[in-house]
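# Analysis of the macromolecular model
Residue strings, one per chain:
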Amino acid sequence: MSELASTTVPTPDVHWRCLPFTALSVAELYAVLQLRSAVFVVEQACVFQDMDGLDPTCHHLLGQAADGTLLAYARLVPAGVAFAEASVGRVITAPAARGTALGHRLMAQACTQLAQLWGAQPIRIGAQAHLQAFYGQHGFVAEGAGYIEDGIPHVEMLRPAQLQRDIP
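This one's a predicted model, so the numbers in the text were calculated from it and none came from an experiment. (Residues numbered from 1 in each chain as written. Predicted model: local features only at pLDDT ≥ 70, side-chain atom pairs only at ≥ 80, totals over all residues. Heavy atoms only, no water.)

## A word on the sheet that holds strand E1 (residues 15–20)
- Strand order across the open sheet formed by seven strands is E1-E2-E3-E4-E5-E7-E6, with mixed pairing between neighbours. Looking at strand neighbours, the two that pair on one side only are E1 and strand E6 (141–149), the edges of this open sheet. Going from strand to strand, the sheet's axes swing by 25° on average, the running direction of each strand aside.
- Two elements, E1 and strand E2 (residues 59–64), share six bridges in a ladder whose sense is antiparallel. When the bridges of E2 are listed, Trp-16 appears paired with Gly-63.
- Taken strand by strand, helix H2 (residues 26–43) contacts E1, E2, strand E3 (70–77) and strand E4 (86–93), and its axis lies near 75° from that of E4. (Pairing = 2+ DSSP bridges. Helix = DSSP H or I, 4+ residues; strand = E, 2+ residues; numbered from the N terminus. Axes fitted to C-alpha atoms, helices over the stretch in contact; angles between N-to-C directions. Contact = heavy atoms within 4.5 Å.)

This is the structure in structure tokens:
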């Protein structure tokens, strides 16, 4: 067995739930905010206003382990709120779940849920520039010039509506 194969982390079993803000329990909301803060503020050393007022208008996709631990999360934003198009934001996997392809499962689930909520439509994201290839695997294409947001290089990416049916 190669060294790489021996270090591969198994993909965790994940239960997906997509909830409007008002359906999140206090414990679920706390877990979401705790994970977002741990990764975006502490790990990425980025001081920014995470609680930006958009959460109440969004649906929240939670990927939880059997014991309820939050392993993955994305915020599904309706069209006209962050961008003219619907969007997926605050995409995150818990550090303990990295290297398991859970991020790809999260994006596939987010795009599926978004289409179920609001119909097949283009999806625009503001992606961290170093993740362009990752999002490209899910049908997103970079548009326009890059920009700096909260000290991190970003690029807008768009996924055409027809891909809602074509990419899992």
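## What about H2?
- Between the first and last C-alpha of H2 there are 24 Å, a value that for 18 residues agrees with the 26 Å anticipated at 1.5 Å per step.
- A maximum bend of about 30° is found in H2 at Ser-37.
- Within H2 the residues assigned to the buried category are Glu-28, Val-32, Leu-35, Arg-36, Val-39 and Phe-40.
- Once H2 finishes, Ala-45 follows within two positions and takes phi at roughly 50°, a positive value. (Expected span 1.5 Å × (residues − 1). Bend = angle between axes of the 7 residues up to and from the residue. Buried < 20%, exposed > 50% of the residue type's maximum accessible area, 1.4 Å probe, protein only.)

## Some points on the nonpolar core
- In terms of nonpolar packing, the biggest core is built from 26 residues, with Val-88, Met-107, Ile-125, Tyr-135 and Phe-140 touching the most fellow members.
- Elements with a minimum of two residues in this core: E3, E4, helix H3 (102–118), strand E5 (123–128), helix H4 (132–136) and strand E7 (152–159).
- Counting residues per element, this core draws most heavily on H3, at six residues.
- With residues near it in sequence (within four places) discarded, Tyr-135 still touches Val-91, Met-107, Ile-125, Ala-127, Phe-140 and Met-157. (Core = buried A, V, L, I, M, F, W, Y, C linked by side-chain atoms within 4.5 Å.)

## A few points about H3
- Between its terminal C-alpha atoms H3 stretches 24 Å, which fits the 24 Å expected from 17 residues at 1.5 Å a residue.
- All of the buried residues in H3 are Leu-102, Gly-103, Leu-106, Met-107, Ala-108, Ala-110, Cys-111, Gln-113, Leu-114 and Ala-115.
- At the C-terminal side of H3, Gly-119 shows a positive phi close to 85°.

## Describing the pattern of salt bridges
- Tallied over the full model, the rule gives 11 salt bridges.
- Arg-124 is paired through a salt bridge with Glu-156; the nearest N and O atoms lie 3.1 Å apart. Remark: Glu-156 occurs in strand E7 and Arg-124 occurs in strand E5; sequence separation between them is 32 residues.
- Connected through shared salt-bridge partners, Arg-36, Asp-50, Asp-52, Asp-55, Arg-75 and Arg-90 make up one network. (Salt bridge = Lys/Arg side-chain N within 4 Å of Asp/Glu carboxyl O.)

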